[in-house]
Amino acid sequence: MRTITFDIDRFDGTRSWTQSYSFEYDPALTVLASLILLKEKQDPTLNFTASCRSAICGSCAVRVNGNAVLACDTRLDTVLTQWQSDTLRISPIGNFHVLSDLVVDWSEKVERLRTAKPGLKAKAEFNAETGCRQSPAEFALIQKQWDCILCGSCASECNKLTDNDRDFLEPFVFTHANRYAQDSRSADGLLHVKEMVKQGLWKCLHCMECVTKCPKQIAPAADIAAMRAMAFAAGNTEGKGPRHAEAFRTDLENSGRLNEVRLVPRTEGLVDAATGRMGFTLRMLKHGKLSTREAVELFVTDNKPIEGIEGLRKIIRYRRDAK
Amino acid sequence: MTRKYAFFPGCVLNAAAREAREATEAVAAHIGLELVEIPGWSCCGASQIQDIEHDTALAANARNLALAEKMGLDVLTACSTCALMLRTARQELAAGRKDEVNKALATADLEYKGTADVTHILWLLADTVAQWGPLVKKPLKDVKVASFYGCHTVRPPTVMTHESHLNPQSMETIITACGATPVHIPERLKCCGFHAVFPAEQTALRLTANAADDAKKGGADCLLTPCPLCQMQLDMYQPDAQAAVGKGGDTPVLHLTQLVGLALGIGREKLGLTRHIISPESLLAKC
């Protein structure tokens, strides 16, 4: 008989411990079905949340070996194969306050979700008679974001949140903000974007954990990018994040490649870069990352344009004009 | 093993991470891999341009790929973010954007067809261990190495499809082939913070300190990464991270090809090992 072991992280409100449960392998089991089996047959005190068992309600996300999955939508065989082991560690999703065993608290998250100003404020031309019409193409821009089931998986391994959640939000909040920001029926899509700028829109690390973990194949990182683009296009170009991105964009058009020497002053401002980064700069020069002559040349004269720069500029201009 | 690739170095391999280019080219030449630099390649957007002018970045990468196609070769990069940006562009072009982007490329007499694949030097080295492994002249038997994959090497797995994003083994395969001992650290799949080092500096410094400290606590002689951006963050900013967080500060961080080069017996002067902020001397003494 093949035996599967779940080492489950437990918490009773005051005490934390890891408890091992073993059960007979069955290829028909999902992770959730395994947990239900354990609760019914071995330990009725084991707590977890689940409802629809159909990947719709979003209540059963847990971590398997440190990575969030929707338990009802994850076959046991899949994770056993992924980890090449018959012993798995099951934990509550990360970046949430734990209430009991695998049960996490959503109350704070709901409050944070409110910062996205969820809800559609429709354009003035819409009324009760004509409704809020939207073309299929317009709906396609926000269709995926509406698939969010608020399971929390995208937040579980977000590297930024894990480090500090005081100046950043859960990826699903950005997704919710963007689905209103991009909605063709919105009277003021920027309303949601401006709030997200205040809440750390430019602090995303691009770690791609949210995109990887979403069981509905939503890409919160793409929602963050879309709102950055929207903010930027609306003239919100101040701040280190926008200035950093803008430096890359103009370097591409000017020479085709990044000018690393100009990047820091362009991002932080000449004075801040000269004072705050002096130690860093001296270190770079001392260890030969860049010669002094090279640094001065790059700062003053820029990179030599790439072969075919005129062609690249034509391509960029064509794309921009097409928009 | 003679294979030929269109080489996409990416911006940093031409500047602050020049040693990664030197090591990549030295290793390639040693194992019979021919790298032909794509003439006129441009910045991949580095996930920065994508965030403010998505279509500009898409068109620039379509151009990069079209240039490689003209060479009749697949693309090889030694940067995980370049690999992700190029592969993402390929997917997007294949998913219905090709015709409209080709109208833009036509203004420069270029056409994107979708014939060139994009691979990473990490994947190529891991897949060809059987061919270059016998060339290892100086097995690094006393060296313990903690791998640091870098986010864009494995995520998102729908684009970076080479191996499991949860339990990748390519780095460990290469470390073992070099005769060194892999050290598994909890931070190996975490973010280094590079892409937000300015807007989220304190977070980036903490992540850097965590990785450096983790490797040290695990008994590793160095961190090893296949991404030059991770290497730059973990090496160049490690003193700042140490000052801000109070840990790390003396963990050498090697580029993947530097380690392979050492094992192959390539002269240290060809691997750019003097261009590190955190001196790798303690590690080199064991090689």
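Just so you know, the residues in each chain are numbered from 1, in the order the chain's sequence is written. Chains carry letters from A onward and ligands carry numbers from 1 onward, assigned in written order. Owing to the predicted nature of the model, reporting of local features is limited to residues with pLDDT of at least 70; listing and counting of side-chain atom pairs is limited to 80 or more, with chain, interface and lining totals taken over all residues. The side-chain figures draw on all heavy atoms in the structure; neither hydrogens nor water molecules are used.

Trainee: What am I meant to see in the pattern of salt bridges here?
Mentor: Pairing between side chains of opposite charge can happen when the charged atoms of each approach one another. A pair is scored as a salt bridge if a Lys or Arg side-chain nitrogen falls within 4 Å of a carboxyl oxygen belonging to Asp or Glu. Counted under the stated rule, the structure contains 51 salt bridges over all chains. Close ionic contact of A:Arg63 with A:Glu157 constitutes a salt bridge, the shortest N to O distance being 2.6 Å. Placement of the pair is A:Arg63 in strand β3 (residues 61-64) and A:Glu157 in the loop between α5 (153-156) and α6 (159-163), with a sequence separation of 94 residues. Only protein chains enter the accessibility calculation, which uses a 1.4 Å probe; a residue is then buried when its area is under 20% of its type maximum, exposed when over 50%, and partly exposed in between. A residue is classified by how much of its surface remains accessible, and A:Glu157, at 9% relative accessible area, is buried. Between B:Asp221 and B:Lys286 there is a salt bridge whose closest N-O contact spans 2.6 Å. Here the residue B:Asp221 occupies a position in the loop between α9 (201-217) and β7 (222-225), and B:Lys286 occupies one in the segment after α13 (281-284), the gap between them amounting to 65 residues. A relative accessible area of 13% means that B:Asp221 is categorised as buried. Runs of E in the DSSP output that reach at least two residues are strands. Runs of H or I that reach at least four are helices, and both are numbered from the N terminus.

Trainee: What exactly am I supposed to notice about the domain arrangement of chain A here?
Mentor: A common way to express how large an interface is: the accessible area buried when the components associate. Domain start and stop points were drawn from an automatic or database domain assignment. What the domain assignment lists for chain A is domain 1 (3-105), domain 2 (113-233) and domain 3 (240-322). Spacing between the C-alpha centres of domain 2 of chain A and domain 3 of chain A amounts to 31 Å.

Trainee: Is there a simple way to explain unusual backbone geometry in this structure?
Mentor: Excluding glycine, most residues fall at negative phi; most peptide bonds, likewise, are trans. Each neighbour pair has its own omega, and for B:Arg155 with B:Pro156 the value is -5°, a cis peptide bond. With respect to the helices and strands, B:Pro156 occurs in the loop between α7 (151-154) and α8 (170-177). Of note, the phi angle at A:Met208 is positive, near 70°, even though the residue is not glycine. You can see A:Met208 is positioned in the loop between α8 (190-198) and α9 (209-213). Residues other than glycine seldom take positive phi values, yet A:Asp302 does so here, at roughly 75°. Along the chain, A:Asp302 falls in the loop between α15 (292-301) and α16 (309-322). Under the relative-accessibility criterion, A:Asp302 is labelled buried at 15%.

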